[in-house]
Amino acid sequence: MSPASTGASTTVGATSPVPVADTADSAADSRMTPGGPGYRRMSLALFLAGVATFALLYSTQALLPLISGEFGVAASEASWTVAAATGGLALFVLPMSALSERFGRRTVMTASLAVAVTVGMLVPFAPSLGVLVVLRAVQGAALAGLPASATAYLAEEVRPKALVTAIGLFVAGNSVGGMSGRVITGWVAQEWGWRVSVGVIGAVAVACAVAFRLLLPAPRHFTAGSLRPRVLLDTVRDHLANPLLRRLYAIGALFMTVFGGVYTVIGYRLTEAPFGLPQGIVGSIFLVYLVGTVSASTAGRLVGRLGRRGALYLAGGTTAAGLLLSLPPSLPLVLLGLVLITAGFFAGHAVASSAVSKTATHGRAQAAALYQSMYYIGSSVGSTVGATAFHADGWGGTVGVGLLAVAGVVTITVAGTRAARVAARRQPVTAH
């Protein structure tokens with residue numbers, strides 16, 4: 001398949017892979033592949049790491065109406081308990097990725113989870129909104145060691161043909177963590193309050209962290225890098241100079257802007273008129289995340305059939321359709337809208353994040369870290385801007401923010417399509 005159809009970058013003068021050599025390399029490749037030794041343990045370990053990460057990161061999102069009530073603050077203020085966590089992750093993901101280049105992916109992921117779950121056990125005792133926001137920021141900063149290190153670990157330890165599927169499984173773990181965290185907190189909070197509910201999530205995350213460390217195979221293809229700031233800055237500059245990577249970073253941020261805004265505000269919409277749903281039922285709405293588990297884990301097949309940009313167009317269109325369907329004050333339409341938004345978001349995220357790992361030829365942890373940084377900046381922006389728009393103009397305001405972000409995804413993808421066609425026309429024809 002040509003670069004124009006797959007979304008692969010085209011470089012004039014690049015050497016094309018030779019099929020015979022590729023076959024020989026595959027036979028000698030000691031990296032993991034589906035069905036091979038260690039692959040299932042690795043998949044389960046990173047799945048559980050994804051569960052713990054998202055369960056902790058968004059543990060207060062479904063509880064925002066209760067937090068607003070206890071501290072007497074508006075949605076835009078309570079939303080900082082989410083934005084602080086995602087913002088902390090966005091700020092620290094690049095430094096943590098540098099540590100993983102020096103000390104190893106598994107070491108950094110283990111340390112990150114250990115600190116995050118420890119802070120998670122302190123969150124229920126926060127005496128004020130300010131202290132709660134600070135603890136959440138520290139927790140997000142600790143979790144920064146997971147996303148970039150995990151994708152770099154997969155890029156090094158898994159064969160390239162299985163990479164999209166492997167990253168899709170990690171993203172699926174994110175969706176299960178996000179779902180279970182919100183569902184559990186919703187029902188527990190209805191009976192015992194938000195403090196007990198976030199404590200329960202902390203205990204679940206502890207169990208996931210222990211299982212992760214016991215299951216994850218030791219890396220076999222990791223080579224320690226340098227911690228020198230200049231080396232890091234040069235690597236970051238190289239990645240930011242790559243037009244394809246820049247587009248992928250922006251797409252991740254825009255998709256997460258939609259998702260962060262919708263799921264920060266949806267609890268307020270469903271607990272208020274005309275729905276008036278109890279907290280437990282609102283928490284159960286997040287079972288919709290199961291749709292994201294499916295769409296993320298099938299992203300590899302989607303790219304195989306449509307190409308990367310085709311998959312991104314489909315993900316963006318599905319997300320936009322869900323936003324529009326959610327506008328009427330009808331619970332079935334709102335739920336259907338959430339299904340489409342979730343499916344589109346997780347598919348788009350899995351496609352974009354796996355493309356980053358495949359595109360980067362060096363400093364993969366930094367490449368993934370830049371993506372994750374932009375991704376969680378998008379989450380923080382979506383949470384705060386979406387909540388502000390809801391306060392000013394209701395659900396329609398939040399949907400408007402989401403549609404603008406989807407329009408950005410489509411615009412960037414169109415620009416990538418045109419750039420690939422221009423590059424393909426300039427590619428010299430090689431006689432066979």
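All figures in this text were calculated on a predicted structure; none of them were measured in a lab.

Chemist: Describe the overall build of the protein, listing the residues and the values that go with them.
Modeler: Along the backbone of the protein there are 18 helices and zero strands. Dimensions of the protein, computed from C-alpha atoms along their principal axes, come out at roughly 70 × 45 × 40 Å. Looking at the 432 residues of the protein, the share that counts as buried comes to 55%. About 17,300 Å² of surface is accessible on the protein, with carbon and sulfur atoms providing 67% of the total. Averaging the coordinates of the 29 positive side-chain charges in the protein and doing the same for the 13 negative ones gives two points 9 Å apart.

Chemist: I'd like a description of a positive patch on the surface, backed by residues and values.
Modeler: On the surface, a cluster of positive charge is contributed by Arg418, Arg421, Arg425 and Arg426. Relative to the helices and strands, arginine 425 resides in helix 18 (residues 364-426).

Chemist: Before we move on, can you summarise the pattern of salt bridges with the specific residues and values?
Modeler: What the rule picks out here adds up to three salt bridges. With a closest N to O distance of 2.3 Å, arginine 105 and glutamate 156 form a salt bridge. Linking arginine 105 in helix 7 (residues 105-120) with glutamate 156 in helix 9 (residues 147-157), this pair joins segments that are 51 residues apart in sequence. The same class applies to arginine 105 and to glutamate 156, which are both buried. For aspartate 234, the salt bridge goes to arginine 237, with nearest N and O atoms at 2.4 Å. Of this pair, aspartate 234 and arginine 237 both sit in helix 12 (residues 229-240), three residues apart, roughly one helical turn. Among the residues examined, arginine 237 registers a relative accessible area of 52% and is labelled exposed.

Chemist: So what's going on with a nonpolar patch on the surface? Which residues, and what values?
Modeler: Judged by side-chain polarity, Met121, Val206, Val210 and Leu214 come together as a nonpolar surface patch covering roughly 350 Å² of accessible area. Tracing the chain through its elements places valine 206 in helix 11 (residues 194-215). The partly exposed category is assigned to valine 206, whose relative accessible area is 33%.

Chemist: For the packing of aromatic side chains, give the residues involved together with the corresponding values.
Modeler: Under the counting rule described, the total for this entry stands at ten aromatic pairs. Ring centres of phenylalanine 259 and phenylalanine 345 lie 4.0 Å apart, and the angle between their planes is 10°; this geometry places the pair in the stacked category. Of this pair, phenylalanine 259 sits in helix 13 (residues 243-271) while phenylalanine 345 is found in helix 17 (residues 331-359), placing the two residues 86 residues apart along the sequence. Look at phenylalanine 345 and you get buried, because its relative accessible area is 1%.

Chemist: Describe the side chain of serine 79, listing the residues and the values that go with them.
Modeler: With respect to the secondary-structure elements, serine 79 resides in the loop between helix 5 (75-78) and helix 6 (80-103). On the basis of relative accessible area, serine 79 is assigned to the buried category, the value being 0%. Contacts of serine 79, omitting those with residues within four sequence positions, involve Leu64, Thr264, Ser383, Thr384 and Ala387.

Chemist: Account for the environment of threonine 293, with residues named and values stated.
Modeler: In this structure, threonine 293 sits in helix 15 (residues 289-297). Residue threonine 293 is classed as buried on the basis of its relative accessible area, which comes to 16%. C-alpha separation for the pair threonine 293 and proline 160, spaced 133 residues apart in sequence, amounts to 22 Å.

Chemist: Outline helix 7, supporting the account with residue identities and numerical values.
Modeler: Relative to the 22 Å expected for 16 residues at 1.5 Å per residue, helix 7 spans 22 Å between its end C-alpha atoms, a close match to the ideal helical length. By the burial criterion, the buried members of helix 7 are Arg105, Arg106, Val108, Met109, Ser112, Leu113, Ala116, Val117, Val119 and Gly120. Axial view of helix 7: buried residues confined to an arc of 165°, hence all on one face.

Chemist: Which residues make up the confidence of the model for the protein, and what are the values?
Modeler: The share of residues in the protein with pLDDT of 70 or more is 91%, and the mean pLDDT across the chain is 83. Taking the mean pLDDT of every element in the protein, the minimum, 32, falls on helix 1 (residues 3-6) and the maximum, 95, on helix 8 (residues 129-143). Low pLDDT, under 50, characterises residues 1-27; the stretch is placed with 26 contacts to residues that sit more than four places away or in other chains.

Chemist: I'd like to hear about helix 16 (residues 299-325), residue by residue, with values.
Modeler: Over its 27 residues, helix 16 extends only 24 Å from the first C-alpha to the last, a length that falls short of the 39 Å expected when each residue adds 1.5 Å. Within helix 16, the axis deviates most sharply at leucine 306, by approximately 110°.

Chemist: Outline unusual backbone geometry, supporting the account with residue identities and numerical values.
Modeler: Going from alanine 273 to proline 274, the amide bond is cis rather than trans, its omega being 5°. If you trace the backbone, proline 274 turns up in the loop between helix 13 and helix 14 (279-284).

Chemist: Go over the environment of valine 409, please, and point to the residues and values.
Modeler: If you trace the backbone, valine 409 turns up in helix 18. Taking the C-alpha atoms as reference points, valine 409 and leucine 312, separated by 97 residues in sequence, lie 8.1 Å from one another. Apart from the residues lying within four places of it in its own chain, the contact partners of valine 409 are Ile251, Leu254 and Phe255.

Chemist: Give me the lowdown on the side chain of threonine 257, citing residues and values where you can.
Modeler: Note on placement: threonine 257 falls in helix 13. A distance of 2.8 Å separates a polar atom in the side chain of threonine 257 from the backbone oxygen of alanine 253.

Chemist: Account for the environment of arginine 31, naming residues and giving values.
Modeler: Mapped onto the elements of the fold, arginine 31 is located in the loop between helix 2 (19-28) and helix 3 (39-57). Arginine 31 gets classed as partly exposed once you look at its relative accessible area, which sits at 23%. Note: C-alpha distance between arginine 31 and arginine 220 (189 residues apart in sequence) is 8.1 Å. When near neighbours in sequence (up to four residues on either side) are disregarded, arginine 31 contacts Ala155, Glu156, Glu157, Val158, Arg159, Pro160 and His221.

Chemist: Describe the nonpolar core, naming the residues involved and giving the relevant values.
Modeler: It is characteristic of soluble globular proteins that their nonpolar side chains tend to be buried jointly. Within the largest apolar cluster, 122 residues are counted, with the highest numbers of intra-cluster contacts made by Met42, Leu46, Leu154, Tyr263 and Tyr376. Here the element with the most residues in this core is helix 13; it accounts for 15 residues. Ignoring any residue separated from it by four or fewer positions in sequence, one finds methionine 42 in contact with Met32, Tyr153, Leu154, Val158, Leu216 and Pro217.

Chemist: Any details on the packing of helix 16 against helix 17? Residues and values, ideally.
Modeler: At a minimum axis separation of 7 Å, helix 16 and helix 17 run at an interaxial angle of 145°. Crossing handedness for the pair helix 16 and helix 17: left-handed.

Calculation rules
- Every residue gets a number counted from 1 within its own chain, in the order that chain's sequence is written.
- Given that this is a predicted model, residues contribute local features only at a pLDDT of at least 70 and side-chain atom pairs are listed and counted only at 80 or more, while totals for whole chains, interfaces and linings are drawn from all residues.
- Water and hydrogen atoms play no part in the side-chain values, which are based on all heavy atoms of the structure.
- Numbering of helices and strands runs from the N terminus, with a helix taken as a DSSP run of H or I at least four residues long and a strand as a DSSP run of E at least two residues long.
- Burial classification: accessible surface area is computed with a 1.4 Å probe over protein chains only, and a residue below 20% of its type maximum counts as buried, one above 50% as exposed, and the rest as partly exposed.
- Each accessible area is a Shrake-Rupley estimate made with a 1.4 Å probe; only the visible protein chains count as cover when residues are assessed.
- Just so you know, the count uses Lys and Arg for positive and Asp and Glu for negative, and it drops His and the chain ends.
- Working definition for charges: the position is that of NZ of Lys, CZ of Arg, CG of Asp or CD of Glu.
- Without a salt bridge and with relative accessible area above 30%, a residue can belong to a patch; like charges are then joined within 9 Å and nonpolar side chains (Val, Leu, Ile, Met, Phe, Trp, Tyr) within 5 Å.
- We define a salt bridge as a contact between a side-chain nitrogen of Lys or Arg and a carboxyl oxygen of Asp or Glu at a distance within 4 Å.
- To pair, rings of Phe, Tyr and Trp, with the six-membered ring standing in for Trp, must have centres within 6.5 Å; the planes then decide the type, stacked if under 30 degrees apart, edge-to-face if over 60, and tilted in the middle.
- Throughout, a residue-residue contact means that at least one pair of heavy atoms, one from each residue, lies within 4.5 Å.
- Each helix should span, by expectation, one fewer than its residue count multiplied by 1.5 Å.
- Taking the helix axis as origin, the arc is that swept by the directions to the C-beta atoms.
- pLDDT measures how confident the predictor is about each residue, on a scale from 0 to 100.
- Here the bend at a residue means the angle between the axes of two seven-residue stretches, the one that ends at it and the one that starts at it.
- Definition of a polar contact: a pair of N or O atoms within 3.5 Å, with one able to donate and the other able to accept a hydrogen when the atoms are protein atoms, and with sequence-neighbouring residues admitted only if both atoms are side-chain atoms.
- Here the nonpolar core consists of buried residues drawn from Ala, Val, Leu, Ile, Met, Phe, Trp, Tyr and Cys, with membership extended through side-chain atoms lying within 4.5 Å.
- Between N-to-C directions, angles span 0 to 180 degrees; the directions come from axes that are lines fitted to C-alpha atoms, helices contributing only their stretch in contact.
- In a left-handed crossing the near helix is turned counterclockwise from the far helix by less than a right angle, and in a right-handed crossing that turn is clockwise.

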